[in-house]
Amino acid sequence: MSQTPVAPPAPPAPPVPAEEPPPPAAPASEPTVAPEASAQAPEPLEAAEPAEPAEPAEPVEPVEPVEEIPAALTAFSWTHEHELPDARRDALMSVIGGIPCPPQSLHQLLAPDFFDRIGPSELTELLRGEPLIAAKVLATVNAPFYGLSQPVTSIEHSVAFLGMETVRNICVQYLLAQAFKPELSSSQHSFDTIWRASSIASELALHLGKALNLPDHGALATKVVMAFVGHLATAALLPHNAVDEWLVRGRLERAQLEQEVIGLSAGEIGALVLRLWALPAGLVSDVSDSSRVLVTPASTFDPQAVPYLALSYLCVGLGERLALGDVFALVGYEPASDVVDENFYLRAYLKHPALAGLNDALSSPALIAVVQQMRGTGATWP
């Protein structure tokens, strides 16, 4: 009988690794409680104060557009004395050297400390030593311009009535007239116009300086008179048949013509003459700088000098235009709105705080009356 095969027994199952006992639990720590914290209710929060409204931002001033330099000014190049070729400069100095020097009295009148050391009595004595000048002062005070009911016959009364600043300017004008004499009768009209322009300009400077409370307004008015030395010298140096046409041109056109014909503009020529006369260096520099306002930004000069340079340049220009009849009155005239090319740089000078009241001063009844009277005097070159 066959035996049924028996399957071999199954191999034993691999032993199951025993589980590691869990790590013993850490002993529970006592909870940390702030002293009495659990026994007290939290204090209520204080209400936050309402935030103050933010201050409104300061308005931003609009930026003024940069004004474009006029083409005529861009094309013009101001020539200084040292830029002239030697031969041309020597020839010019030779001609200028022929202009007669005024008497020593001019140096006394133009001394920087004139008003510090000379009073009305000293000025009267000075005039007594210069009979021709004294006569001119008397003629001025008795002119229709002042409308006196009775004539003034003494120098003392003239000085008291006119004031020392005006008397000094009359003396300076007369002394300049002796240095510059028109050679031909055909030039007389031009010299009369320059004389009248210098008188009007110096009075404008004196009145405006006082109205704007500028120190040294008397010296300013005298420097305006001296600014016309360049005009007088130029009129003497130009061809006689060209003087009348030159005089009626604008300042920029005149400067161009002066440089073409003579080599230098009237402002530079005037500075040369004043230096040859050995006048105070500060006076020469101020007169020269005032003419260069035509081509010079205000930022170039000391800010303290800007209002004086602006008034000098403005008054010289207005004196010319009033004497020529281009302007008949200053009512409503605002220099900053006068957009002629020659005033391009001047407009920046006029923004100086010291000149804030200029428009009101120009429109004052007193100044308007002065202008009307001076234009009607018909003064002629002495």
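The structure we're discussing is the one just above.
These notes cover the structure that comes with them.

The next thing to look at is the overall build of the chain. Per the secondary structure count, the chain includes 19 helices and zero strands. The long-range share in the chain, meaning contacts at least 24 apart out of those at least 6 apart in sequence, stands at 75%. For the chain, the exposed surface amounts to about 21,600 Å²; the carbon and sulfur share of it is 58%.

For the structure on display, the rule yields five aromatic pairs. The interplanar angle of 85° and the centroid separation of 6.5 Å between the aromatic rings of Phe76 and Trp78 together place this pair among those described as edge-to-face. No difference in accessibility class separates Phe76 from Trp78, as the two residues are buried. Note on Phe180 and Trp277: the rings are 6.0 Å apart at their centroids and 50° apart in plane angle, and the pair reads as tilted. Of this pair, Phe180 sits in the loop between helix 8 (164-179) and helix 9 (188-211) while Trp277 sits in the loop between helix 14 (266-276) and helix 15 (281-291); the two residues are 97 residues apart in sequence, bridging distant segments of the chain. This pair shows no difference in class: Phe180 is buried, exactly as Trp277 is. The ring of Tyr313 is capped by Arg251, whose NZ or CZ atom sits 3.7 Å from the centre of that ring. It is Arg254 that lies over the ring of Trp246; its NZ or CZ is 5.7 Å from the centre.

Next up on the list: the packing of helix 6 (residues 131-141) against helix 7 (residues 155-162). Two elements in contact, helix 6 and helix 7, have axes whose closest approach is 10 Å; the angle formed by their N-to-C orientations is 55°. Comparing the axis directions of helix 6 and helix 7 gives the class oblique. When the axes of helix 6 and helix 7 are compared, the crossing they make is left-handed. Each of Ala134, Val137, Leu138 and Val141 in helix 6 lies in contact with helix 7, whose residues at this interface are Ile155, Ser158, Phe161 and Leu162. For the contact of helix 6 with helix 7, the residue count by class is seven nonpolar, one polar and no charged.

The rules behind each value
Residues numbered from 1 in each chain as written. Predicted model: local features only at pLDDT ≥ 70, side-chain atom pairs only at ≥ 80, totals over all residues. Heavy atoms only, no water. Helix = DSSP H or I, 4+ residues; strand = E, 2+ residues; numbered from the N terminus. Contact = heavy atoms within 4.5 Å. Areas by Shrake-Rupley, 256 points an atom, 1.4 Å probe, with all protein chains shown as cover. Phe/Tyr/Trp six-rings, centres within 6.5 Å; stacked < 30°, edge-to-face > 60°. Buried < 20%, exposed > 50% of the residue type's maximum accessible area, 1.4 Å probe, protein only. Lys NZ or Arg CZ within 6 Å of the ring centre and 35° of its normal. Axes fitted to C-alpha atoms, helices over the stretch in contact; angles between N-to-C directions. Parallel < 35°, antiparallel > 145°, perpendicular 65-115°, else oblique. Left-handed = near helix turned anticlockwise from the far one by under 90°. Nonpolar A, V, L, I, M, F, W, Y, C, P; charged D, E, K, R; others polar.

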